[in-house]
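Residue-level structure breakdown
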Amino acid sequence: MIKAVFRIEIATLLGEDNLIDLRKVGRLAMLCTQIINAGHKVIIVSSGAIVLGSVRQGLSVLPGSHTAKQAAAAVGMAELIRVYQQAFDEFKQLVAQVLLINDDFVVPKRRSNATNTLNKLMQHNIIPVINENDSVSLEDIVLGDNYPLALHVAQLTGAQMIVVKTGQEGQYIILNGMTGRVTESDEEGVIQATEMYKEGEGSLPADRMKYPGNVNDFMTENQA
Amino acid sequence: MKARNNLYNKQRIVIKIGTSSLTFSNGKLNFQRIEKLVKVLYEVQSAGKQVILVSSGAVAVGSGRLGLEKKPENVVDKQAMAALGQAELIRIYQKFFDEHSQLVAQVLITKDAITLSDRRKTAKDALLAIIGMHVIPIINENDTVATEEIEFGDNDTLSAYVADLVDADLLVLLSDIDGLFSADPRKDPDARIIHEVYDITPEVEALASGKGSSFSTGGMATKISAAKICMESGIDMVIANSVNPAVIHDILRGEEVGTLFSFGAFTEMKA
């Protein structure tokens, strides 16, 4: 059993009209459900609240001020989780909404609290969809030097793999937490990569998980 | 009755709805109730007032979605069900508000977002911006990550803090009881509703004992706590039964429904 964190940039789910492309979300939902049905665990870290909120409010440009961003995020947060639920419902896969702020990673008690909740959800084969709680806090969740949310979540949950959706349909980048290797892959390749980590087959204990060298660089360079 | 006549003028209104009002006793959703509530909120908003909804129900909805028989007991299970249910709950609100083309915003908060001064300003600015855009914020405690240090514990208290935060004119607590009674109406046939309360006296506090259904955390005690916060801020508060959400219209028309806690006289005396 492995845990895979899917990092989804909202731009990769939009169509040419800049609206959510339900077919793209559907493909993603099927892939994630496939991995869960094979006995693995999936977490989604998704951006997009501000973008979706702005569209919903009929804004032609993204809001500039802190407060306007928060308002857009609050509208978009509701929309974002609805989009995911609609797509996953097709496959009878439950998703949960988890909104985090920096304190949830840095305050020890809150950190363990967040970890417990995420693990409990995965235990029930529910996919946590994680987003920053932008409507009450716009501080980016950044620990140390520019260390992005998906990496935090992977470390928090002991995930072995981060799968980044690219803008090219059906294409992903796999960040292998154990080898530190970054590879490009199609959907089939993502499924194969998860299947490589069957129980006892060369997987490392969670406390030895590292995202060294190029994986970290990749995540930092490709931040939104 | 003068205080009732004044309710017509209330402009910024926080409305809190409890779990037992949104679900049946088995935890399943009461869609008809939610649809009616949404319609009333939309009508109030359309009449030029500003509406802020504080909605419970995430844990019950999550538990129902997963097919659990009753609400989970331990903290981790509760948090997981909150995460599952919150997603579902906001979708249902969106579905019903969409029918009126009314935008909603989702705001999940923990206590520190309101009590720490710098974050308080951030939360306040965001909420004021949202209502300024004629969007209805739907607020709930961020149960998924709330630890005991940062939790409100119940949404009656949370809604009073929210009312204070946004300088609301009125807080309406909708639940499965008609208001504050002179005795426990489930036990005492002589119990009668108290329609107006102008001060939180020891007698009033003594009336607020006991708890609600197996799916709700509140009871009269948390409503009195909320009333105390409103008293501090000079905000009127009404407790009413959610069985017909149109009761909100009755309240705003000044009709004698539920229990009104009005502290106008009290604040005048202080001034």
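All values reported here derive from a predicted model rather than from experimental measurement.

About the thresholds
- Residues numbered from 1 in each chain as written.
- Chains lettered and ligands numbered in written order.
- Predicted model: local features only at pLDDT ≥ 70, side-chain atom pairs only at ≥ 80, totals over all residues.
- Heavy atoms only, no water.
- Axes fitted to C-alpha atoms, helices over the stretch in contact; angles between N-to-C directions.
- Helix = DSSP H or I, 4+ residues; strand = E, 2+ residues; numbered from the N terminus.
- Parallel < 35°, antiparallel > 145°, perpendicular 65-115°, else oblique.
- Contact = heavy atoms within 4.5 Å.
- Nonpolar A, V, L, I, M, F, W, Y, C, P; charged D, E, K, R; others polar.
- Buried area = accessible area lost by both parts, 1.4 Å probe.
- Salt bridge = Lys/Arg side-chain N within 4 Å of Asp/Glu carboxyl O.
- Polar contact = N/O pair within 3.5 Å; in protein donor to acceptor, adjacent residues only side chain to side chain.
- Phe/Tyr/Trp six-rings, centres within 6.5 Å; stacked < 30°, edge-to-face > 60°.
- Buried < 20%, exposed > 50% of the residue type's maximum accessible area, 1.4 Å probe, protein only.
- Lys NZ or Arg CZ within 6 Å of the ring centre and 35° of its normal.
- pLDDT = per-residue confidence, 0-100.
- Expected span 1.5 Å × (residues − 1).
- Pairing = 2+ DSSP bridges.
- Core = buried A, V, L, I, M, F, W, Y, C linked by side-chain atoms within 4.5 Å.

1. A word on the packing of helix α4 (residues 58-66) of chain B against helix α5 (residues 75-98) of chain B
All names here are of chain B. For the pair α4 and α5, the least separation of the axes is 6 Å and the interaxial angle reads 95°. In this view, α4 runs roughly perpendicular relative to α5, as classed from their interaxial angle. Contact residues: α4 offers Ala58, Val59, Val61, Gly62, Ser63, Arg65 and Leu66, while α5 offers Lys78, Met81, Ala82, Leu84, Gly85, Gln86, Glu88, Leu89 and Arg91. Considered class by class, the residues forming the contact of α4 with α5 number 8 nonpolar, 4 polar and 4 charged.

2. Overview of the interface of chain B and chain A
Each partner contributes residues to the interface: chain B has 42 residues there, and chain A has 38 residues. Surface buried jointly by chain B and chain A totals about 3,500 Å² across both partners, of which 56% is contributed by carbon and sulfur atoms. By the criterion of area lost to chain A, the three top residues of chain B are Arg91, Gln106 and Val145 of chain B, representing 16% of everything that side buries. Counting across the interface, chain B meets chain A through 7 salt bridges. Aspartate 89 of chain A is the salt-bridge partner of arginine 91 of chain B, the closest N and O atoms lying 2.9 Å from each other. At the junction of chain B and chain A, the tally comes to 18 residue pairs in polar contact (both at pLDDT 80 or more). Those elements that place two or more of their residues in the side of chain B that touches chain A are α4, α5, β3 (104-109) and α7 (117-132) of chain B. With 15 residues, the top contributor of residues to the side of chain B that touches chain A is α5 of chain B. Across the side of chain B that touches chain A, the residue classes tally to 22 nonpolar, 9 polar and 11 charged.

3. Looking at the environment of isoleucine 35 of chain A
Residues and elements named next belong to chain A. Position of isoleucine 35 among the secondary structure elements: in helix α1 (residues 22-37). Considering only alpha carbons, one finds isoleucine 35 and glutamate 169, 134 residues apart in sequence, at a separation of 18 Å. Leaving out residues up to four positions away in the same chain, isoleucine 35 has contacts with Phe6, His40, Val42, Val190 and Thr194.

4. Thoughts on the packing of aromatic side chains
Two numbers describe a pair of aromatic rings. These are the distance of the centres and the angle of the planes. All names here are of chain B. Under the defined criterion, the tally for this structure stands at 4 aromatic pairs over all chains. Seen in terms of ring centroids, tyrosine 93 and phenylalanine 97 are 6.5 Å apart; in terms of plane orientation they differ by 35°. Their pairing is tilted. Separated by 4 residues within a single helix, tyrosine 93 and phenylalanine 97 lie in helix α5, roughly one turn from each other. Aromatic side chains phenylalanine 152 and tyrosine 161 sit 5.5 Å apart centroid to centroid with 50° between the ring planes, which places their arrangement in the tilted category. Residue class for tyrosine 161 comes out partly exposed when judged on its relative accessible area of 23%. A cation sits over an aromatic face here: lysine 49 above tyrosine 8, 5.9 Å from the ring centre.

5. Remarks on the confidence of the model for chain A
In the predicted model, chain A carries a mean pLDDT of 84, and the fraction of residues at 70 or more is 82%. The low-confidence segment residues 200-213 of chain A (pLDDT under 50) makes 22 contacts with residues lying over four places distant or belonging to another chain.

6. Some remarks on helix α5 (residues 108-123) of chain A
Residues and elements named next belong to chain A. In this model, α5 (16 residues) spans 22 Å end to end at C-alpha, consistent with the 22 Å of a helix rising 1.5 Å per residue. Three or more residues of α5 are buried, namely Arg110, Asn113, Ala114, Thr115, Thr117, Leu118, Lys120, Leu121 and Met122. The first or second residue beyond α5 is asparagine 125, which carries a positive phi of 60°.

7. Structural notes on the sheet that holds strand β3 (residues 95-100) of chain A
Residue and element names in this part refer to chain A. Across the sheet, 7 strands lie side by side as β3-β4-β2-β1-β5-β6-β7; this open sheet has mixed pairing. Of all strands in the sheet, those bounded by a partner on one side alone are β3 and β7 (182-186). Strand-to-strand twist in this sheet, taken as the mean axis angle between neighbours without regard to direction, amounts to 25°. As paired elements, β3 and strand β4 (residues 127-132) share 6 bridges and run parallel to each other. Opposite alanine 96, over in β4, you have proline 128 as the bridge partner.

8. Structural notes on the nonpolar core
Grouped together as the largest cluster of nonpolar side chains are 69 residues, with contacts concentrated most on Phe6, Ile44 and Tyr84 of chain A together with Ile15, Tyr93, Leu174 and Ile248 of chain B. Look past the residues within four positions of isoleucine 248 of chain B in its chain and what remains in contact with it is Ile15, Leu37, Val40, Leu41, Val44 and Leu174 of chain B. Core analysis: the next-biggest nonpolar cluster, separate from the first, contains 48 residues, Val75 of chain A together with Phe152, Cys230 and Phe261 of chain B among them.

9. Let's talk about the sheet that holds strand β1 (residues 12-17) of chain B
Residue and element names in this part refer to chain B. Strand order in the open sheet formed by 8 strands is β3-β4-β2-β1-β5-β9-β10-β8, and the pairing between neighbours is mixed. Two strands lie at the open edges of the sheet, namely β3 and β8 (196-197), each paired on one side alone. Contacts from α7 reach β1, β2 (50-55), β3 and β4 (136-141) within the one sheet, and its direction differs from that of β4 by about 145°.

10. Considering the pattern of salt bridges
Residues and elements named next belong to chain B. The tally for this structure, following the rule as stated, stands at 30 salt bridges over all chains. Taking the shortest distance from any N to any O, the salt bridge between aspartate 236 and lysine 10 comes out at 3.3 Å. Here aspartate 236, found in strand β9 (residues 236-241), pairs with lysine 10, found in the loop between α1 (2-5) and β1; they are 226 residues apart in sequence, far enough to count as distant. Overall, aspartate 236 belongs to the buried group, its relative accessible area being 5%.

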